[in-house]
Amino acid sequence: MTEMLAIDWLTAVIFVPLAGAMLAFLLPRQAHLVGVGAMALTALVTIALVLQVLTEGAMITHLGNWEAPLGIDLRVDGLSAILLAMTAGVGLLVSLGALDSYASRRVPERMRRYFWPLWLLLLSGLNGAYLSTDLFNLYVMLEVIALAAVGLTVLSGRIEAVRAGLEYMYASILGALLFLMGVGFVYLELGRLDFAGLLAANSSPALSAALALMVAGLALKTALFPLHVWLPQAHSNATAPASALLSALVVKVSLYIVLRLAQYMLPPSEILVALIGVLGLGAILWGSIQALRAERLKLLVAWSTVAQIGLIFVAFARAGADGVAESWKAAALLMLAHAIAKAAMFLAAGRIKDEIGHDRIRDLDRSPIRPTLAQLSFAVAAISLVGLPPSLGFAGKWILMEGAMTNGYWHWIVVTMTATMLSVAYFSRVLTGFLRFDRQRTPAGEHQGWALADAAPLTLALFALGLGLFAAPILSFMDIGYPFGATP
């Protein structure tokens, strides 16, 4: 028992999925069993880590007993623990959905063989990024994540997916180069890259330039308008489980690093915060317009991701530079809500396409087959993304508008309400197709069968709806370790 309690959960949560990735690659015929097993074990390790943070507060591990800046430190606080839990929960349910999606003999052998090692490698990179405490390790984790994410994008082998994967790879390389240039500027200025060194540094033009380069690189990786051009095709042409992972988890890690840079580097200026908000507004308008014009269901969901990423940046800017110390909570809550709901939506869209044979929005109401469970999952997830009570999306938007109102930034309230109305408009295009029966000449066949792939999107959608009731405890948990105020 004593030995069990002595397990270093911070290290385990990175290396368990990494070991699983290598084992899944070496055992391709059993890759699905290895993948689900490694994912379940990672989820258990994450639960243990979250419970430890809840009882003991923020924790730090010095790998090899070498402390920063010479060694590598891993640190977990409330913010990183909640994002680790989000990754484990979404990842476990997407894995269950993938187990069914890739089980069919119609699925190419390549997809069954490589999905699991790529997904577990991605999971290891995501967990590593959430625990890293220096800029170079963050850069390494971003590269690991990009390598696995591009592989997942092209997994189907279709020409559209390969083309989208190439665009994603070019954008990712450019974003990484910008981030690495910023890291280089920091090292030349300070001689160290750990967060403690950043906190102790005085402002200088070199550090300001470094911050600008790193934020630009991260904006490209997270597809913030107008650097979003790679995202819609990449997310809409990947397989459904891969799309769910890319949209729910991969774009969140760059948003998380932006929050950490705001915490540990120079305090963001009023101009920078306003610029972030304006870019968020651009993302909301452009992403929503394109979602209204999209002809395919998955493409609409992908464009809605562009719009909702914009809303997360608006949440960060809701109270100006002086309010960043509190605004990160609204941004983090919206990240959590978007991850859960968007994973449910992409999995449901994949199920709908599998059942009726296409995902053309204009023909959704012409099919004699009604994939009821998938349609219900899509609708419930849309409730959270629109921001209706009692969903987690509603809680995030409420905190966003409350902070804007308190600090006199009324224009962000107008932007949030506009984003809500636009999301109602583009999701209504799909929901109307689910509910109309007058264009179907033959009797509609309700989907009566049960598939494991239906359980994952429905569970995720219900979580997105119900977790709004627990928004207060979630916010209190994120405060553990004072994510915006303590030395790492």
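Please read all numbers here as calculations on a predicted model, not as lab measurements. (Residues numbered from 1 in each chain as written. Predicted model: local features only at pLDDT ≥ 70, side-chain atom pairs only at ≥ 80, totals over all residues. Heavy atoms only, no water.)

A. Layout of the pairing of strand β1 (residues 59-62). Burial along β1 is one-sided: the face carrying Met 59 and Thr 61 is buried and the face carrying Ile 60 and His 62 is not. Across four bridges, β1 lies against strand β2 (residues 73-76) in antiparallel orientation. Looking at β2, one finds that Ile 60 is bridged to Arg 75. (Buried < 20%, exposed > 50% of the residue type's maximum accessible area, 1.4 Å probe, protein only. Helix = DSSP H or I, 4+ residues; strand = E, 2+ residues; numbered from the N terminus. Pairing = 2+ DSSP bridges.)

B. Broad picture of empty space enclosed by the protein. In this structure the tally under the stated criterion is six cavities of 30 Å³ or more. Taken as a whole, the largest cavity holds about 100 Å³ of empty space. Gln 308, Leu 311, Ile 312, Leu 334, Ala 337, His 338, Ser 384, Leu 385, Gly 393 and Lys 397 are the residues that line the largest cavity. Class assignment for the residues of the lining of the largest cavity results in five nonpolar, four polar and one charged. (1 Å grid on protein atoms, 1.4 Å probe; cavity = no way out; pocket = protein on both sides within 12 Å on 5 of 7 lines; lining within 4 Å. Points joined across faces, edges and corners; volume = space filled by probe spheres on them. Nonpolar A, V, L, I, M, F, W, Y, C, P; charged D, E, K, R; others polar.)

C. Spatial organisation of the layout of surface pockets. When its volume is computed, the second largest pocket comes out at roughly 530 Å³. Residue lining of the second largest pocket: 19 residues in total, with Ile 82, Ala 85, Met 86, Gly 89 and Leu 467 positioned closest to the centre. Mapped by element, the contributors of at least two residues to the lining of the second largest pocket are α3 (31-56), α4 (78-101), α14 (324-356), α18 (452-466) and α19 (471-478). Per element, the largest residue contribution to the lining of the second largest pocket is eight residues, and it comes from α4. Counted by class, the lining of the second largest pocket contains 17 nonpolar, two polar and no charged residues.

D. Local environment of helix α9 (residues 205-221). With 17 residues, α9 should cover 24 Å at 1.5 Å per step; its first-to-last C-alpha distance of 24 Å lies within 8% of that length. Those residues of α9 that sit buried are Leu 207, Ala 210, Leu 211, Leu 213, Met 214, Val 215, Gly 217, Leu 218, Ala 219, Leu 220 and Lys 221. Those residues of α9 that are buried are in contact with α6 (135-153), α7 (159-190), α11 (240-264) and α12 (270-293). Just downstream of α9, Ala 223 is the residue with a positive phi angle, here 65°. (Expected span 1.5 Å × (residues − 1). Contact = heavy atoms within 4.5 Å.)

E. Structural context of the environment of Gly 350. Inspection of the secondary structure assignment puts Gly 350 in helix α14. C-alpha separation for the pair Gly 350 and Ala 374, spaced 24 residues apart in sequence, amounts to 8.7 Å.

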